[in-house]
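Residues per chain are reported as follows:
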Amino acid sequence: MSQTPQTAPSGSERDHASGSSRPPAIVILDFGSQYSELIARRVRETEVFSLVMGYATTAAELKALAPKGIILSGGPSSVYEEGAPLCDPGLWDLGIPVLGVCYGMQLMVQQLGGSVVAAGRAEYGKAPLHVDDPVDLLTNVASGSTMWMSHGDSVEALPDGFVRLAHTDNTPEAAVANHARRLYGVQFHPEVVHSSGGMVMIRNFVYHICGCTPDWTTAAFIDEAIGEVRAQVGEKRVLLALSGGVDSSTLAFLLHQAIGDRLTCMFIDQGFMRKGEPEFLMEFFDQQFHINVEYINARERFISKLAGITDPEEKRKIIGTEFIRVFEEESRRLGPFDYLAQGTLYPDVIESAGTNVDPKTGERVAVKIKSHHNVGGLPKDLQFKLVEPLRRLFKDEVRKVGRSLGLPQEIVGRHPFPGPGLAIRILGEVTDDKLDILRDADLIVREEVRDAGLYDEIWQAFAVLLPVRSVGVMGDKRTYAYPIVLRCVSSEDGMTADWSRLPYDLLELISNRIVNEVRGVNRVVLDITSKPPGTIEWE
Ligand SMILES: Nc1ncnc2c1ncn2[C@@H]1O[C@H](COP(=O)(O)OP(=O)(O)OP(=O)(O)O)[C@@H](O)[C@H]1O
Ligand SMILES: O=c1[nH]c(=O)c2[nH+]cn([C@@H]3O[C@H](COP(=O)(O)O)[C@@H](O)[C@H]3O)c2[nH]1
Ligand SMILES: NC(=O)CC[C@H](N)C(=O)O
Ligand SMILES: [Mg+2]
């Protein structure tokens, strides 16, 4: 991994987000794993505040921060490679308990005198854990618990003072410890949902080994976020980008509490919304909450900017830029506004690879998956300062915050809908005709999933339009029309997802209705790909 920077920024410069004024009880050092923030979030689920920081955070910085525990994340590198990201070796002598996960464990082993080698064969997926010593870290973790593995390297020899806590069929040193120094390592990923007993282990580490107390609650988050927003914006006015989705609606309530009528909410109709959505949103906020929302009809300008554009990343960037241009123009009309508030969440940030940038090389430790319009899709010459208090949270954490602020289930329970909207669900060029087709198909999917009583069980259910055509027969006539892809997934946070096993009868109903009712479609297919390797959206 020679492109991995040797020196990454320390955590402090990344923490412009929520909760940053509160020192983390558990620090996660990020070695580039897609799961780093997931670890932090699992720790926060135990009501202990946790933040991710750059892997090169020095021992002195950590000492000053005085967390009760440190977790080293996994990462794509191999510890024995030149240029592999290393932590400050002073870390081991701080007397603070450390848990290394996968790469983090391998690093611990190597730096303390053991050895790590490329394993005979890589191990991905579930493996039963055989517990050899059910103490501290593994207290109440049943032998045979399924753990999620994702590694190509293995620990060959343990450093002095370390013992084995557990093994798997392929991995002799699956969990290890130096009890006296309170250093622990696991080869698997306790943070992913597929690891049963993973949470038990995290609780063991956080409460029993590190001695943390559960004081990071939704109420505490709201209080601190309100305080931070007030400190950030002072007496200035804030423009809020409101989509009517869970995140920006929650943010609207939060900011309303924080700054009252210095908040202006603005909804941009970019022309890629679902059927009935703009009307629903305007009426809902106006009638139910008496929150005034500025409605901006920008349909023409968005679709004309996308004419002839087929590349997904190009589409996303154009849309992200156009959003900001509209906000800038409207800000001149209604403002001025120095601040733009967005309901950005952590998955938007990690997938746009907005974290851990090396100031010298500009390299990122986590790789880019796609540019979310509100992060990676933003223009470089952005004139607003961003207010994004939800930036460190995952969707289910936001839902809790929203509920606690009094948002009704009708909003809090909504499926996520991406800012670029239907434009990234029409593969290739976006046209008015295709938008009409997709809107109609999407409505049928939503209606039928709701009628089947499955809406709340599913993370997202939607239709995708492919720019290819196939032959069919309808009313004895040949058709040559587009297929619609049904994409329904279950997920906890959007970072990983599985395709939903919808009942065949429901699939049949949706398929029949789409082919019969939507002009221009003659075939319906089902996407049965999980994430990874697929993503939820098709672009
Ligand atoms: N049409 C829009 N008008 C104004 N702002 C928007 C619009 N679409 C998206 N945004 C902004 O971009 C942010 C990110 O969009 P995203 O879809 O992830 O969040 P959301 O719409 O608030 O919630 P959800 O993920 O549940 O749809 C929003 O929180 C909002 O600030
Ligand atoms: O506001 C958004 N702007 C975007 O550009 C964007 N792209 C994807 N998504 C949503 O994020 C979640 C993860 O999606 P992917 O697996 O496709 O990356 C899913 O819930 C997606 O719907 C977006 N939301
Ligand atoms: N997931 C990880 O942290 C992987 C670590 C290391 N690259 C390995 O393959 O073993
Ligand atoms: Mg949305």
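Keep in mind the model is a prediction, meaning the values are calculated, not measured. (Residues numbered from 1 in each chain as written. Chains lettered and ligands numbered in written order. Predicted model: local features only at pLDDT ≥ 70, side-chain atom pairs only at ≥ 80, totals over all residues. Heavy atoms only, no water.)

Below, the discussion takes up the site of ligand 1. Taken together, 22 residues form the shell around ligand 1, and within it Ala241, Ser243, Ser248, Lys395 and Phe417 come nearest. Interatomic distance of 2.6 Å between a backbone N/O atom of alanine 241 and an oxygen atom of ligand 1. The separation between an oxygen atom of ligand 1 and a polar main-chain atom of serine 248 is 2.6 Å. Protein coverage of the free-state accessible area of ligand 1, which is 580 Å², stands at 96%. Placement of ligand 1 is best described as lying within the largest cavity. At the level of elements, helix H6 (246-259), strand S11 (263-269) and helix H9 (312-334) are the ones that each hand at least two residues to the shell around ligand 1. Its residues assigned to classes, the shell around ligand 1 shows 11 nonpolar, 8 polar and 3 charged. (Near = heavy atom within 4 Å. Polar contact = N/O pair within 3.5 Å; in protein donor to acceptor, adjacent residues only side chain to side chain. Areas by Shrake-Rupley, 256 points an atom, 1.4 Å probe, with all protein chains shown as cover. 1 Å grid on protein atoms, 1.4 Å probe; cavity = no way out; pocket = protein on both sides within 12 Å on 5 of 7 lines; lining within 4 Å. Sits in = over half its atoms within 2 Å of the grid points. Helix = DSSP H or I, 4+ residues; strand = E, 2+ residues; numbered from the N terminus. Nonpolar A, V, L, I, M, F, W, Y, C, P; charged D, E, K, R; others polar.)

Below, the discussion takes up the UniProt feature "active site" (unreviewed entry) in the protein chain. The UniProt entry lists Cys102, His189 and Glu191 under the feature "active site" (unreviewed entry), expressed in the numbering used here. The greatest C-alpha distance among the residues just named is 11.2 Å, despite their covering 90 residues of sequence, which places them together in space. Tracing the backbone shows cysteine 102 in the loop between strand S4 (98-101) and helix H3 (103-111). Using a relative accessible area of 6% as the deciding quantity, one classes cysteine 102 as buried. Aside from chain neighbours lying at most four places away, what touches cysteine 102 is Gly74, Ser150, His151, Val186, Gln187, Phe188 and His189. For glutamate 191, the position within the fold is in the loop between strand S9 (183-186) and helix H4 (198-209). With relative accessibility at 1%, the residue glutamate 191 sits in the buried group. Excluding residues that lie within four positions of it along the chain, glutamate 191 makes contacts with Tyr35, Leu38, Ile39, Arg42, Val101 and Ile202. (UniProt positions renumbered as here; feature names shortened; annotations may be inferred. Buried < 20%, exposed > 50% of the residue type's maximum accessible area, 1.4 Å probe, protein only. Contact = heavy atoms within 4.5 Å.)

Okay, the pairing of strand S8 (residues 175-178) next. Regular strands show a simple pattern: their side chains alternate between the two faces of the sheet. Burial along S8 is two-sided: Ala175 and Ala177 facing one way and Val176 and Asn178 facing the other are all buried. For strand S7 (residues 163-167) and S8, the ladder comprises 3 bridges, and the chain directions are antiparallel. What sits directly across from valine 163, in S8, is alanine 177. Two elements, S8 and S9, share 4 bridges in a ladder whose sense is antiparallel. Counterpart to alanine 175 in the pairing with S9 is valine 186. (Pairing = 2+ DSSP bridges.)

Let us now look at the packing of aromatic side chains. The full count for this structure, using the stated rule, is 13 aromatic pairs. Ring geometry for tryptophan 216 against phenylalanine 221: centres 6.1 Å apart, planes inclined by 85°, an arrangement best described as edge-to-face. Across the pair, phenylalanine 221 and tryptophan 216 agree in class, each one buried. Taking the centre distance of 5.4 Å and the plane angle of 65° together, the rings of phenylalanine 302 and phenylalanine 323 count as edge-to-face. Placement of phenylalanine 302 in helix H8 (residues 299-305) and of phenylalanine 323 in helix H9 is noted, with a sequence separation of 21 residues between them. Among the aromatic residues, ring-to-ring pairing joins Phe253, Phe280, Phe284, Phe285 and Phe289 into one connected group. Here arginine 41 stacks its cationic end above the ring of phenylalanine 394, 5.2 Å away from the centre of that ring. The ring of phenylalanine 417 is capped by arginine 274, whose NZ or CZ atom sits 4.0 Å from the centre of that ring. (Phe/Tyr/Trp six-rings, centres within 6.5 Å; stacked < 30°, edge-to-face > 60°. Lys NZ or Arg CZ within 6 Å of the ring centre and 35° of its normal.)

A few words now on the UniProt feature "binding site: ATP" (unreviewed entry) in the protein chain. Under the local residue numbering, the UniProt record ascribes the feature "binding site: ATP" (unreviewed entry) to Ser243, Gly244, Gly245, Val246, Asp247, Ser248 and Ser249. When the annotated set is filtered for residues lining the largest cavity, what remains is Ser243, Gly244, Gly245, Val246, Asp247 and Ser248. By the secondary structure assignment, glycine 244 is in the loop between strand S10 (238-241) and H6. Assessed through its relative accessible area of 1%, glycine 244 is described here as buried. Filtering out sequence-adjacent residues up to four positions away, glycine 244 remains in contact with Ser249, Leu281, Phe285, Ile411 and Arg414. Inspection of the secondary structure assignment puts valine 246 in helix H6.

On to helix H7 (residues 277-289), then. Between its first and last C-alpha, H7 extends 17 Å over 13 residues, near the 18 Å set by a 1.5 Å rise per residue. Burial in H7 covers these residues: Glu277, Pro278, Leu281, Phe284, Phe285 and Phe289. Buried residues of H7, viewed axially, fall in a sector of 140°; they line one side. Residues Glu283 and Gln287 are exposed on H7 and point more than 90 degrees away from its buried face. The inward-facing, buried residues of H7 abut H6, S11, strand S12 (293-297) and helix H12 (409-412). Following H7 by one or two positions, histidine 290 has its phi on the positive side, about 50°. (Expected span 1.5 Å × (residues − 1). Arc of directions from axis to C-beta.)

What follows deals with the environment of glutamate 537. Looking at the element boundaries, glutamate 537 is found in the segment after strand S19 (521-526). Here glutamate 537 falls in the buried class, since its relative accessible area comes to 9%. When sequence neighbours within four positions are dropped, the list of residues in contact with glutamate 537 reads Lys370, Pro418, Ile424, Arg425, Gln460 and Phe462. Polar contacts involving the side chain of glutamate 537 include one to the side chain of arginine 425, which spans 2.8 Å. At 3.5 Å, the side chain of glutamate 537 forms a polar contact with the side chain of glutamine 460.

Right, let's talk about empty space enclosed by the protein for a bit. Applying the stated criterion to the full structure yields 2 cavities of 30 Å³ or more. The space that makes up the largest cavity amounts to roughly 930 Å³. Forming the boundary of the largest cavity are 49 residues, of which Asp247, His373, Phe417, Pro418 and Gly419 lie nearest the centre. Looking at the lining of the largest cavity, the elements with two or more residues in it are H6, S11, H9 and helix H10 (346-351). In terms of residue count, the dominant contributor to the lining of the largest cavity is H9 (5 residues). Here the lining of the largest cavity gathers at least three residues from each of two domains, domain 2 (218-412) and domain 3 (425-526). Within this model, the second largest cavity holds a volume of roughly 40 Å³. (Points joined across faces, edges and corners; volume = space filled by probe spheres on them. Domains from an automatic or database assignment.)

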